Amino acid sequence: MALKQKSVWVCTSCGNESLKWMGRCPACGEWNTMVEETVVTGRSGSDRRSAVVPGGGHRPMPLQDIDTTRESRLSLGNAEVDRILGGGIVEGSLVLIGGEPGIGKSTLSLQIPLHCHGLTTLYVTGEESVRQVKLRALRLGGDDSGCLIYSETLMENILEEAKKIMPGLMIVDSVQTMYTQTLESSPGSVSQIKECAALLLRFAKETGVPVILIGHITKEGSIAGPKVLEHIVDVVLQFEGDSRGAYRLLRSIKNRFGSTSELAVFEMTGKGLREVSNPSEMLIPMHGEDLSGVAVSAMLDGTRPFLIEVQALVSSAAYGTPQRSATGFDVRRLNMLLAVLEKRAGFRLGVKDVFLNMAGGLRVSDPACDLAVICAVLSSNFDFAIPSGTCFAGEVGLSGEIRPVSQTDRRIIEAHRLGFSRIYISAFGSPDNIPEGIEVIKVGDVPALCRSLFAKQ
Ligand code: TYD
Ligand code: MG
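The shown structure was predicted, so the numbers you read here are calculated from the model rather than taken from an experiment.

1. Some details on the sheet that holds strand β18 (residues 352–358)
Okay, step 1: Taken together, the seven strands give an open sheet; going across it, the order is β17-β18-β16-β15-β19-β22-β23, and neighbouring strands pair in mixed fashion. With partners counted over all chains shown, the strands left at the sheet margins are β17 (324–327) and β23 (439–443), one partner each. Across the sheet, the mean angle from the axis of one strand to that of its neighbour is 25 degrees, orientation sign disregarded.
Okay, step 2: Pairing analysis gives three bridges linking strand β19 (residues 390–392) to strand β22 (residues 422–426), with the strands arranged parallel. Note on β22: the bridge partner recorded for Phe 392 is Tyr 424.
Okay, step 3: Across the sheet, helix α10 (residues 408–417) is in contact with β15 (294–301), β16 (304–316), β19, β22 and β23; its angle to β16 comes to roughly 80 degrees.
Okay, step 4: The sheet strands contacting helix α11 (residues 446–455) are β19, β22 and β23, and the helix crosses β23 at an angle near 140 degrees.

Here it is as structure tokens:
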């Protein structure tokens, strides 16, 4: 069939295609993300789309005959990364690690081969020279015996080398710098990114070599983000956190071989990323004395219980319209909680500025934090300190009731383990397995909570 070239407009955020330019992508709703790309039509698609799955064959098979003993996992020498992958990386899988520039993707991906003793790793870098990688490896320390560094951006060359070497693990940093000769568009465009990822997926499935792919997330949309790849790869891990702060979170967004509710915490140090196996150590108060406006929440992120400090500052509004601002918490939810306090418990917060902050640069979405948020707000408003050793876990409903949250007993156990002596929970749940030595106070609504808290002053 004759090859024909045509132009399409592709969204760099979600990969949606359109025949004409649009200011706003109709699929993901992002503005100014459509870029023009040339596509070649009329080419036979058979060579591009048939990724062969080893062991699966091309014929339909009865489910009970399919052999799963082949799915062997490889430890990456990093307990936290292994845990969020579901117990190591699966052979022949393609793992995408996404994150904003400067968050630590290259550092983490170089630390992996340095701690995988004896495993031959091919580290392909399209962003740094081999010398730069060496300097970074010297800072990180570790065993560099099996680590091969290859500075290349052309996929055809990379795959040829990889097939010759047949490494135990391949790392490609980053997908936005790679390109394939079969397409005319420039590296970083949606079609190049998709094609390079598809080539790597095919390589991984055919050879059984696990591949880790790094992808930048950009806000400007000048280059396409890893979102367009999410459906191609097996696992998506996302690096989050403030790149100026010390703590980084690695979250699993998609995992074909494990749970997606896993979270790993790292601290960026002078010698690379340190695994933080007890995240509460960074999230609970360091100051000795009791301060007003501070409450500790027993929250759950994924399957992991955490204790996190919630800080609030309530002051009289200096200007006409009161300000509401929240860092790490949904500001609309904060407004809702303030409305509940106003309407159901009679606190006049409508004329106050309210600022809320979650410790450690964490973004929380667990509704169990509601109770700690309202306690921090009330504590700041009345300038009374919540007694130390107290923590909270409960969701606040629109009628001011305190609702039970999932896995309350795990939260209580974590609070007890960290030395807390009192926890407020909903009166409507009945957790079992309450450990000795922690007082569990059950409150049914906001007025009951206030009575219990104020009575202790
Ligand atoms: P990097 O891993 O290059 O980020 P990415 O690949 O996601 O763009 O670097 C992240 C930041 O970490 C960089 O600004 C420097 C800092 N850093 C340290 O603080 N300690 C270290 O040991 C290393 C290697 C980097
Ligand atoms: Mg990098």
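2. Let's talk about the packing of aromatic side chains
Okay, step 1: Within the structure shown, the criterion is met by three aromatic pairs.
Okay, step 2: Taking 6.4 Å as the distance between ring centres and 50 degrees as the angle between the ring planes, the aromatic pair formed by Phe 239 and Phe 266 counts as tilted. You can see Phe 239 sitting in strand β11 (residues 235–240) and its partner Phe 266 sitting in strand β13 (residues 263–269), a full 27 residues away along the chain. Side by side, Phe 239 and Phe 266 carry an identical accessibility label, which is buried.

3. A look at the site of ligand 1
Okay, step 1: Lining the immediate environment of ligand 1, one finds 16 residues, of which Gly 102, Lys 105, Ser 106, Thr 107 and Gly 272 sit closest.
Okay, step 2: Between an oxygen atom of ligand 1 and a main-chain N or O atom of Lys 105, the distance comes to 2.8 Å.
Okay, step 3: The contact in question runs from an oxygen atom of ligand 1 to an N or O atom on the side chain of Arg 136, over 3.0 Å.
Okay, step 4: A total of 560 Å² of accessible area belongs to ligand 1 in isolation, and the protein chains cover 75% of it.
Okay, step 5: When contributions to the shell around ligand 1 are tallied by element, the ones reaching two or more residues are α3 (105–115), α4 (130–140) and β13.
Okay, step 6: The class makeup of the residues in the shell around ligand 1 is four nonpolar, seven polar and five charged.

Calculation rules
Residues numbered from 1 in each chain as written. Chains lettered and ligands numbered in written order. Predicted model: local features only at pLDDT ≥ 70, side-chain atom pairs only at ≥ 80, totals over all residues. Heavy atoms only, no water. Pairing = 2+ DSSP bridges. Helix = DSSP H or I, 4+ residues; strand = E, 2+ residues; numbered from the N terminus. Axes fitted to C-alpha atoms, helices over the stretch in contact; angles between N-to-C directions. Contact = heavy atoms within 4.5 Å. Phe/Tyr/Trp six-rings, centres within 6.5 Å; stacked < 30°, edge-to-face > 60°. Buried < 20%, exposed > 50% of the residue type's maximum accessible area, 1.4 Å probe, protein only. Near = heavy atom within 4 Å. Polar contact = N/O pair within 3.5 Å; in protein donor to acceptor, adjacent residues only side chain to side chain. Areas by Shrake-Rupley, 256 points an atom, 1.4 Å probe, with all protein chains shown as cover. Nonpolar A, V, L, I, M, F, W, Y, C, P; charged D, E, K, R; others polar.

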